Amino acid sequence: MSPVADYLILGSILFALGLVGFLSRRNLIVMFLSTEVMFQGVVVNAVAFARLHHHLEGQAFALFLLVIAAVEAGLALGMIVLLYRRRGTLDAEAWSIMRG
Amino acid sequence: MSGSTASALYFVFALGGAGVYFLLPHGDRPRTMVGAILGLGALVGWFVVLAFGGLMGTGHTGYFYLFATIAVVAAARVVTHPRPVYSALYFVLVVIAVASLLVLQEAEFLAVALIIIYAGAILVTYLFVIMLASQGGSATYDRRAREPFLAVLAGFVLMAAIASHADAVPESVTDRPAQLASDSSAGVVADSNTLAIGQLVMTKYVVVLEVAGLLLLIAMVGAIALSRKKVPVESGYRPTEPVGEIGRKVEPF
């Protein structure tokens, strides 16, 4: 059995929990927090594969994942503030009908 | 992975999925205790399957159990807590537990970077927006989840699909010489994780590094442009009826 199977299963659990949160919560901020939980699962998986392969490319990949997470958080929160100023609610259902 | 181990793992995942279903906010009838008991049972069952199914890696098993427990419990609270501020604070716990797991995986630089970037920068931004946009108390859309059963089902299927391939990962891979401690191609012996990862990023992935910097610049310009944009306030907007799951009148459980 692989020496990193426990870490891979932990990563899949974190990813699935984040997916459940993103699909089921209605608060825009909590939805994006759930995507951050999914990022954590991916980081755990990437680092586990780096240890399995005995080189650092998984860790470099995880480092660039952090960049993507920072970019996503900045832009998403800017858009959420914009949407909140427009309708005064963080409910995702408020935007279920999009008009131009 | 033998058949019995796989079925035990799927059973544990189903138990955890049921726990998350009950933990998700259900409006005026919270069943947090049922969910907590089911979830903790699933966690203990997961560790038993790991320990007796031959799935555990070598070394540091006690620390793995400890930090995996913290990470999974805190992640479950992030996605299920009815108040966003507590969700954000539980996410700090997830970040710290994952950073500890990265230390166990010999990724010290990444662990510290994770704490600095996530717990130090991203989470402060989230908390700032939550404080800015909270109306006091938990809103109706926080107290009722949208289609919790279908969401848990999707998550369970995804997790089972990923975990069923965990035994396809080989015992060890020898596709290239070991680079964890030293990188001979760069000519300099790297004696620490930080030095080695810096060499790799600055030589082999230098173009990716530049692209990452460009991406951060674009995001910064975009965020500033978004925050300066004037928006019309849509007065008279009334939130519609709170949306529940399919057949809210009929209890699926």
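Keep in mind that this is a model prediction, so the values were computed, not measured.

Thresholds, definitions, all that
- Residues numbered from 1 in each chain as written.
- Chains lettered and ligands numbered in written order.
- Predicted model: local features only at pLDDT ≥ 70, side-chain atom pairs only at ≥ 80, totals over all residues.
- Helix = DSSP H or I, 4+ residues; strand = E, 2+ residues; numbered from the N terminus.
- Buried ≥ 20, exposed ≤ 12 C-beta atoms within 10 Å, placed from the backbone.
- Contact = placed C-beta atoms within 7 Å.
- Expected span 1.5 Å × (residues − 1).
- Domains from an automatic or database assignment.
- Nonpolar A, V, L, I, M, F, W, Y, C, P; charged D, E, K, R; others polar.
- pLDDT = per-residue confidence, 0-100.
- Axes fitted to C-alpha atoms, helices over the stretch in contact; angles between N-to-C directions.
- Parallel < 35°, antiparallel > 145°, perpendicular 65-115°, else oblique.
- Left-handed = near helix turned anticlockwise from the far one by under 90°.
- Core = buried A, V, L, I, M, F, W, Y, C linked by C-beta atoms within 7 Å.

Engineer: Can you walk me through the overall build of chain A in this structure?
Structural biologist: Along the backbone of chain A there are three helices and zero strands. Listed by position from the N terminus, the elements making up chain A come as α-α-α. Counting the 100 residues in chain A, one finds 67% classified as buried. Within chain A, residue pairs in contact and separated by at least 24 positions form 51% of the contacts whose partners lie at least 6 positions apart.

Engineer: Sorry if this is basic, but what is going on with the overall build of chain B here?
Structural biologist: Across its full length, chain B carries nine helices and zero strands. The order of α-helices and β-strands along chain B, N terminus first, is α-α-α-α-α-α-α-α-α. Counting only residues that meet the buried cut, chain B has 32% of its 253 residues in that class. Here the analysis covers contacts within chain B between residues at least 6 apart in sequence; of these, 62% occur between residues at least 24 apart.

Engineer: Could you clarify how one ought to interpret helix α1 (residues 5-24) of chain A in this entry?
Structural biologist: Residues spaced three or four apart along an α-helix point in a common direction, a consequence of the helix completing one turn every 3.6 residues. The first and last C-alpha atoms of α1(A) sit 29 Å apart over 20 residues, in line with the 28 Å expected at 1.5 Å per residue. Burial analysis of α1(A) places 20 of its 20 residues in the buried class, the great majority of the element.

Engineer: Sorry if this is basic, but what is going on with the domain arrangement of chain B here?
Structural biologist: By a frequent convention, interface size equals the accessible area lost on bringing the separate parts together. Residue and element names in this part refer to chain B. According to the domain assignment, chain B consists of domain 1 (3-166) and domain 2 (180-230). Every contact between the two is made by four residues of domain 1 and, on the other side, four residues of domain 2. Among the residues making up the side of domain 1 that touches domain 2, the classes are represented as two nonpolar, no polar and two charged.

Engineer: Honestly, the interface of chain A and chain B in this entry has me stumped. Any pointers?
Structural biologist: Opposite the 70 residues of chain A that make contact, chain B presents 87 residues. Contributing elements (two or more residues each) for the side of chain A that touches chain B: α1, α2 (28-53) and α3 (57-87) of chain A. Per-element accounting of the side of chain A that touches chain B gives the leading share, 23 residues, to α3(A).

Engineer: Before we go on, may I ask you to explain the confidence of the model for chain A in this structure?
Structural biologist: Note: predicted coordinates in regions of low pLDDT should not be interpreted at a detailed level. Across chain A, pLDDT averages 87, with 95% of residues at or above 70. When mean pLDDT is taken per element in chain A, α2(A) scores highest with 92 and α3(A) scores lowest with 89.

Engineer: Which parts of the structure should I look at to understand the environment of Leu9(B)?
Structural biologist: Residues and elements named next belong to chain B. Its place among the elements puts Leu9 in helix α1 (residues 3-23). Its 23 C-beta neighbours within 10 Å are what place Leu9 among the buried residues. Other than its neighbours up to four places away in sequence, Leu9 contacts Val49 and Ala163.

Engineer: Got a minute to help me understand the environment of Val72(B) in this structure?
Structural biologist: Positionally, Val72(B) belongs in helix α3 (residues 61-80). Linking Val72(B) and Val98(B), residues 26 residues apart in sequence, is a C-alpha distance of 9.8 Å.

Engineer: Any chance you could explain the packing of α2(A) against helix α5 (residues 108-133) of chain B here in plain terms?
Structural biologist: In a packed pair of helices, the relevant descriptors are the angle between the two axes and the axis-to-axis distance. Look at α2(A) against α5(B): their axes get within 12 Å of each other, and the N-to-C directions meet at 175°. One element, α2(A), and the other, α5(B), form an angle in the roughly antiparallel class. Within the contact between the two elements, α2(A) uses Ile29(A), Leu33(A) and Val47(A) and α5(B) uses Leu110(B), Tyr126(B), Val129(B) and Ile130(B). Its residues assigned to classes, the contact of α2(A) with α5(B) comprises seven nonpolar, no polar and no charged.

Engineer: Mind showing me how you'd approach α3(B) here?
Structural biologist: Its 20 residues give α3(B) an end-to-end C-alpha distance of 28 Å, which sits within 8% of 28 Å, the value for a rise of 1.5 Å per residue. Along α3(B), the residues classified as buried are Phe64(B), Phe67(B), Ala68(B), Ala71(B), Val72(B), Ala74(B), Ala75(B), Ala76(B), Arg77(B), Val78(B), Val79(B) and Thr80(B). Contacts from the buried residues of α3(B) go to α1 and α2 of chain A together with α1, α2 (32-52) and α4 (84-104) of chain B.

Engineer: Explain the packing of α1(A) against helix α7 (residues 148-163) of chain B here, please?
Structural biologist: At a closest axis distance of 8 Å, the pairing of α1(A) and α7(B) adopts a crossing angle of 160°. Between α1(A) and α7(B), the angle falls in the class roughly antiparallel. Between α1(A) and α7(B) lies a crossing whose hand is right-handed. Contacts between α1(A) and α7(B) involve Ile9(A), Ser12(A), Ile13(A), Ala16(A), Leu17(A), Leu19(A), Val20(A), Leu23(A) and Ser24(A) from the former and Pro148(B), Ala151(B), Val152(B), Ala154(B), Gly155(B), Leu158(B), Met159(B), Ile162(B) and Ala163(B) from the latter.

Engineer: Help me understand the nonpolar core, please; the structure alone is not making it clear to me.
Structural biologist: Nonpolar side chains in soluble globular proteins tend to end up buried together. Counting 96 residues, the largest nonpolar core has Ile29(A), Val37(A), Val47(A), Ala71(B), Ala75(B), Val94(B) and Val98(B) as the members making the most contacts within it. At 17 residues, the largest contribution of residues to this core is made by α2(A). Each of domain 1 (3-166) and domain 2 (180-230) of chain B gives at least three residues to this core. Apart from residues lying up to four places away in sequence, Val37(A) is in contact with Leu14(A), Leu17(A), Gly18(A), Gly21(A), Ala75(B), Val78(B), Val79(B), Phe91(B) and Val94(B).

Engineer: Looking at this model, I keep getting lost on unusual backbone geometry. Mind explaining?
Structural biologist: Peptide bonds are mostly trans, and most non-glycine residues show a negative phi. Unusually for a residue other than glycine, His54(A) sits at a positive phi of about 60°. Structurally, the position occupied by His54(A) is in the loop between α2 and α3. Residue His54(A) is classed as partly exposed on the basis of its 16 C-beta neighbours within 10 Å. One non-glycine residue, Glu106(B), adopts positive backbone phi at about 65°. As for its position among the elements, Glu106(B) is in the loop between α4 and α5. In this structure Glu106(B) comes out as partly exposed when scored by C-beta crowding, with 16 C-beta atoms within 10 Å.

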